[in-house]
Amino acid sequence: NAGVTQTPKFRVLKTGQSMTLLCAQDMNHEYMYWYRQDPGMGLRLIHYSVGEGTTAKGEVPDGYNVSRLKKQNFLLGLESAAPSQTSVYFCASSPLSGRAYEQYFGPGTRLTVT
Amino acid sequence: QQPVQSPQAVILREGEDAVINCSSSKALYSVHWYRQKHGEAPVFLMILLKGGEQKGHDKISASFNEKKQQSSLYLTASQLSYSGTYFCGTEVAPNAGNMLTFGGGTRLMVKP
């Protein structure tokens with residue numbers, strides 16, 4: 001199993017450009033998440049999904065949109081990139097399995113907006 | 001609200017012990033601990049659920065004091081491989097989606 005994969009690994013955008021980050025998981029997990037991590041800081045939740053076709057806002061959703069058309073994929077979109085969105089983006093997934101669960105993280109996408 | 005971790009950074013010699021704390025202003029349902037090495041993704045260590053249980057994995061263990069809304073991670077006889085940034089993630093109530101709020105992290109460096 002590949003686990004959680006993210007595409008692309010690196011990207012440089014100019015202010016105002018748009019892009020989509022792709023997250024894929026092959027563990028049949030119900031829950032998926034998008035986080036951003038700024039230098040020297042913790043993870044902040046952008047959006048999450050509790051199942052195919054459903055999404056919800058997290059802690060810092062402004063400037064981002066998401067879609068989950070297939071259970072295994074979770075897309076994060078930036079419609080008009082801003083320098084403040086320069087960050088490392090992590091996708092994660094989690095099973096729906098009672099009280100004991102963990103989040104499995106992808107390798108991250110490093111995004112720079114100039 | 002983001003949980004507060006302390007200390008922010010710690011330097012150890014191989015074989016020394018360390019304690020990392022995670023405190024919340026809200027009543028907690030669960031606390032998760034992750035370790036992240038530089039340039040890599042966070043990796044799960046353990047979960048502690050409401051009930052004050054203590055867990056352990058090899059020489060890393062943790063406790064959860066729900067009355068104090070605090071969790072502590074104990075690293076015993078540290079190894080070079082323990083170096084990295086440790087994050088706690090907290091859940092204030094069972095929620096659809098198992099959402100976590102992460103602390104700012106504690107940087108741990110183990111030297112030979």
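Please refer to the structure placed before this passage.
These notes cover the structure that comes with them.

Reading the values: the criteria
Residue numbers run consecutively from 1 along every chain, following the written order of its sequence. The lettering of chains begins at A and the numbering of ligands begins at 1, in the order of writing. Predicted model: local features are reported for residues with pLDDT of at least 70 only, side-chain atom pairs are reported and counted for 80 or more only, and whole-chain, interface and lining totals are derived from all residues. Excluding hydrogens and water, the side-chain values take into account all heavy atoms of the structure. Strands here mean DSSP runs of E at least two residues long; helices mean DSSP runs of H or I at least four residues long; both are numbered from the N terminus. The reference for a compact globule is 2.2 Å times residues^0.38; the radius of gyration itself is calculated from the C-alpha atoms. Think of it in three bands: with a 1.4 Å probe and only protein chains considered, a residue is buried below 20% of the maximum accessible area for its type, exposed above 50%, and partly exposed in between. Note on definitions: a residue-residue contact is assigned when non-hydrogen atoms from the two residues lie within 4.5 Å. Throughout, the Shrake-Rupley method with a 1.4 Å probe supplies accessible areas, and for residues the shown protein chains are the sole cover considered. Counting rule for charge: Lys and Arg are taken as positive, Asp and Glu as negative, and neither His nor the chain ends is counted. The atoms used to mark charge sites are NZ of Lys, CZ of Arg, CG of Asp and CD of Glu. Here the buried area means the combined drop in accessible surface, using a 1.4 Å probe, for two parts upon being joined, counting both sides. What counts as a salt bridge is simple: a side-chain nitrogen of Lys or Arg found within 4 Å of a carboxyl oxygen of Asp or Glu. Two cysteine sulfurs form a disulfide in these notes if their separation is within 2.5 Å.

### A few points about the overall build of chain A
Next, step 1: Assigned secondary structure in chain A consists of zero helices and 11 strands.
Next, step 2: Mapped in sequence order, the helices and strands of chain A form the string β-β-β-β-β-β-β-β-β-β-β.
Next, step 3: Radius of gyration (C-alpha) of chain A: 13 Å, near the 13 Å computed for a compact globule of 114 residues.
Next, step 4: By its C-alpha atoms, chain A is 45 × 30 × 25 Å across when sized along the principal axes.
Next, step 5: A burial count over chain A gives 46% of its 114 residues as buried.
Next, step 6: When contacts within chain A are restricted to residue pairs at least 6 apart in sequence, those whose partners lie at least 24 apart make up 54%.
Next, step 7: For chain A, the exposed surface amounts to about 5,400 Å²; the carbon and sulfur share of it is 53%.
Next, step 8: Separation between the mean location of the 11 positive side-chain charges and that of the 8 negative ones in chain A comes to 5 Å.

### With respect to the interface of chain B and chain A
Next, step 1: With 23 residues of chain B in contact, the opposing surface of chain A contributes 22 residues.
Next, step 2: Taking both sides of the interface into account, the surface hidden between chain B and chain A amounts to around 1,900 Å²; carbon and sulfur atoms contribute 57%.
Next, step 3: Looking at the side of chain B facing chain A, the largest losses of area belong to B:Asn98, B:Met99 and B:Phe102, adding up to 26% of the total buried there.
Next, step 4: Across the chain B-chain A interface, the total number found is zero salt bridges.

### Some remarks on the state of the cysteines
All names here are of chain A.
Next, step 1: Under the defined criterion, the tally for this structure stands at two disulfides over all chains.
Next, step 2: A disulfide bridge connects Cys23 with Cys91, and the sulfur atoms are separated by 1.9 Å. The chirality of the disulfide connecting Cys23 with Cys91 is left-handed, given an S-S dihedral of about -75°. Of this pair, Cys23 sits in strand β3 (residues 19-25) while Cys91 sits in strand β9 (residues 87-94); the two residues are 68 residues apart in sequence, bridging distant segments of the chain.
Next, step 3: For Cys23, a relative accessible area of 0% translates into the label buried.
Next, step 4: Judged by its relative accessible area of 0%, Cys91 falls in the buried class.

### Things to note about the environment of B:Gly104
Next, step 1: Its place among the elements puts B:Gly104 in the loop between β10 (101-102) and β11 (106-111).
Next, step 2: When the C-alpha positions of B:Gly104 and B:Gly15 are compared, they lie 26 Å apart, and in sequence the two are 89 residues distant.

### Focus on the pattern of salt bridges
Residues and elements named next belong to chain A.
Next, step 1: Applying the stated rule across the entire model yields three salt bridges over all chains.
Next, step 2: With a shortest N-O distance of 2.9 Å, Asp38 and Arg36 are connected by a salt bridge.
Next, step 3: On the basis of relative accessibility, which here comes to 12%, the residue Asp38 falls in the buried class.
Next, step 4: Residue classification places Arg36 among the buried residues on the basis of a relative accessible area of 8%.
Next, step 5: For the salt bridge of Arg44 with Asp38, the shortest nitrogen-to-oxygen distance reads 2.6 Å.

Such coordinate-based values are descriptive only and should not be taken to indicate function.
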